[in-house]
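# An overview of the molecular structure
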Amino acid sequence: MEMTDLGIGRTEDCFFPNEAVRLAAARVLTPENRYAFQYAPSEGLTAMREELARYLSERTGREVCAENLLMTNGASHALELILKKLVPAGSAVAVDDPTYFFALNILRDWDIDLRPIPVRSDGLDLECLEHEIRTRDVKMLYTIPIHHNPTGTMFSRENRDGIVALAERYGVIVASDEVYQFVGEAVQESLFAGNESNILSIGSFAKTLGSGVRTGWIHGPKPLIDRLATCGVLISGGGVAPVMSLVLSDMLASGAADEVLASLNAVYDARRRALSAVLERELPEEIRFIAPSGGFFCWLEAPEDLDMRAVLGEAQRRGVSFRLGSECSSVGNFANCMRLGFSYYEEARLEAAGKILCDVLREALTGR
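Residues numbered from 1 in each chain as written. Predicted model: local features only at pLDDT ≥ 70, side-chain atom pairs only at ≥ 80, totals over all residues. Heavy atoms only, no water.

## Here we look at the pairing of strand S9 (residues 216-219)
To be explicit about the condition: Burial classes: relative accessible area under 20% of the type maximum marks a residue as buried, over 50% as exposed, and values in between as partly exposed (1.4 Å probe, protein chains only). Think of it this way: any DSSP run of H or I at least four residues long counts as a helix, any run of E at least two long counts as a strand, and we number them from the N terminus. Any two strands are treated as partners once DSSP identifies two or more bridges connecting them.
Of the two faces of S9, the one carrying Gly216 and Ile218 and the one carrying Trp217 and His219 are both buried. Bridge analysis of strand S2 (residues 69-72) against S9 gives four bridges, and the strand direction is antiparallel. In the strand pairing of S9, methionine 71 is matched with tryptophan 217. Relative to S9, strand S8 (residues 199-204) runs antiparallel, the two sharing four bridges. Within the sheet, the bridge partner assigned to serine 201 lies in S9 and is histidine 219.

See the structure below:
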């Protein structure tokens, strides 16, 4: 029996844009371009930042300047860079609860005090966040306000404005993970709108082109971008991925990146709707589920007395796996929850897996 692992959160291999990348590489990696393999500035290849600024300006409707961008080796590198350069050792750092579980690994690599902030239906619990800032002297918030991982929540405009207001009032750095901004229903607004002094919006091509591209960016106020660019690794390494950046800058300029994203979004949307439909139709009444509008994940919340590890074991015996909610919490909350990914499998397989999960949950609830 082949396992359908809904713990996976990435693009299916067959949809990677091999041909589009090959054509872009052929255009820029020519004998005439003698500097194609040269080092870049520590902020990243100039042509890449200029094309990315134009691309983001067009997609968001807000002017984005190249001087406010720094290229990174994906979103994970961006988060580590922010921690390294802007967060003093021993500081308190607030984090969504639940949150992206691998981000917790990055945060735990540093000498910091993690402070969980509950994620509500409209976004972060702002009262809790302010309390932690005032009583624990929180220096940074790591949050995922757009198509949240793992809950699929879209933070409301009021909630996002509240996060920015608190950051500005108390001088807290915000690392806003926005890798799903253009995945699903498009969201124009980044948390960094251009004038804030403490907000850093993190983006990545991992979700819009391919996981292995490993090229992302930080968009933020120039004083913070300048501080990040003093990182010894960036200076010594000549920026991040200058050759891949040259290829990506061509894809942005030619419109190939837009075509790839449109194609991928058609796949993601169909799969998201397929899994959401079977869950909405088949889930027992006791299970809470809100269909996401984008991203890669949805979130199920069961009654607190349900043994989700037992549910996982039974589901795996029937060929379906998923991520336990407790893995997505810095303090082990959400033992009654599960995270389901829908980006990797075709619709029919998602529907079959969703039906199995609903059956397992129904039986587990009946047998409590």
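Here the narrative resumes, following the displayed structure.
## Here we look at the sheet that holds S8
The pairing of strands in a sheet comes from backbone hydrogen bonds and takes either a parallel or an antiparallel form. Reading across from one edge, S2-S9-S8-S7-S6-S3-S4-S5 is the order of the eight strands in this open sheet, with mixed pairing throughout. Each edge of the open sheet carries a strand with a single partner, namely S2 and strand S5 (123-124). Of the strand pairs in this sheet, strand S3 (residues 91-97) and strand S6 (residues 138-143) are connected by four bridges, and their pairing is parallel. In the sheet register, valine 93 faces S6, and the bridge partner there is methionine 140.

## Quick word on empty space enclosed by the protein
Selection criterion: Cavity means a closed set of points on a 1 Å grid over the protein atoms alone, one where a 1.4 Å probe fits but cannot get out, pocket means an open set with protein on both sides within 12 Å along at least 5 of 7 lines, and lining means a residue has an atom within 4 Å of a point. Grid points are joined across faces, edges and corners, and a volume is the space filled by probe spheres set on the points. Gly falls in the polar group here, along with every residue not listed as nonpolar (Ala, Val, Leu, Ile, Met, Phe, Trp, Tyr, Cys, Pro) or charged (Asp, Glu, Lys, Arg).
Enumeration according to the criterion identifies two cavities of 30 Å³ or more in this entry. Space inside the largest cavity adds up to approximately 130 Å³. If you go around the largest cavity, you meet 16 residues; those closest to its centre are Thr60, Val64, Ser190, Phe192 and His219. Elements with a contribution of two residues or more to the lining of the largest cavity: helix H2 (46-60), S8 and S9. Of the residues in the lining of the largest cavity, the class split is six nonpolar, seven polar and three charged. Considering only enclosed or pocket space, the second largest cavity measures out at about 60 Å³ in volume. The wall of the second largest cavity is formed by Tyr55, Glu178, Val179, Tyr180, Gln181, Phe182, Gly203, Ser204, Thr208 and Trp217. Counted by class, the lining of the second largest cavity contains five nonpolar, four polar and one charged residues.

## A short note on the sheet that holds strand S13 (residues 323-324)
Taken together, the four strands give an open sheet; going across it, the order is S10-S11-S14-S13, and neighbouring strands pair in antiparallel fashion. Each of the sheet's edge strands pairs with one partner strand only, and the pair in question is strand S10 (288-289) and S13. Inspection of the sheet shows S10 paired to strand S11 (residues 297-301) by two bridges, in the antiparallel sense. Within S11, the position partnered with phenylalanine 289 by the bridge is leucine 300.

## Brief notes about the packing of helix H9 (residues 242-254) against helix H10 (residues 256-282)
Heads up, the condition is: Every axis in this analysis is a line fitted to C-alpha atoms, fitted for helices over the stretch in contact. Angles between the N-to-C directions lie between 0 and 180 degrees. Convention used here: angles under 35 degrees read as roughly parallel, angles over 145 as roughly antiparallel, angles from 65 to 115 as roughly perpendicular, and any remaining angle as oblique. For this analysis, residues touch if any pair of their heavy atoms sits within 4.5 Å.
Viewed as axis vectors pointing N to C, H9 and H10 meet at an angle of 80°, and their least axial separation amounts to 4 Å. Judged by the angle between their axes, H9 and H10 are roughly perpendicular. Only Ala256, Ala257 and Val260 of H10 make contact with H9, whose side of the interface consists of Met251, Leu252 and Ser254. Here the contact of H9 with H10 is built from residues that sort into five nonpolar, one polar and no charged.

## Some thoughts on the environment of glycine 90
Residue position: glycine 90 is located in the loop between helix H3 (74-86) and S3. Separated by 120 residues in the primary sequence, glycine 90 and glycine 210 place their C-alpha atoms 35 Å from one another.

## Things to note about unusual backbone geometry
Cis geometry is found at the peptide bond from aspartate 97 to proline 98, where omega equals 10°. Here proline 98 shows up in the loop between S3 and helix H4 (101-108). Look at the link from asparagine 149 to proline 150: it is a cis peptide, with omega at 25°. Along the chain, proline 150 falls in the loop between S6 and helix H6 (157-170). Positive phi outside glycine occurs at arginine 214, with the angle close to 50°. The topology assignment puts arginine 214 in the loop between S8 and S9. We classify arginine 214 as partly exposed; its relative accessible area is 32%. A positive phi is found at phenylalanine 334, a non-glycine position, where the angle reads about 70°. Within the fold, phenylalanine 334 resides in the loop between S13 and strand S14 (337-341). Residue phenylalanine 334 is classed as partly exposed on the basis of its relative accessible area of 23%.

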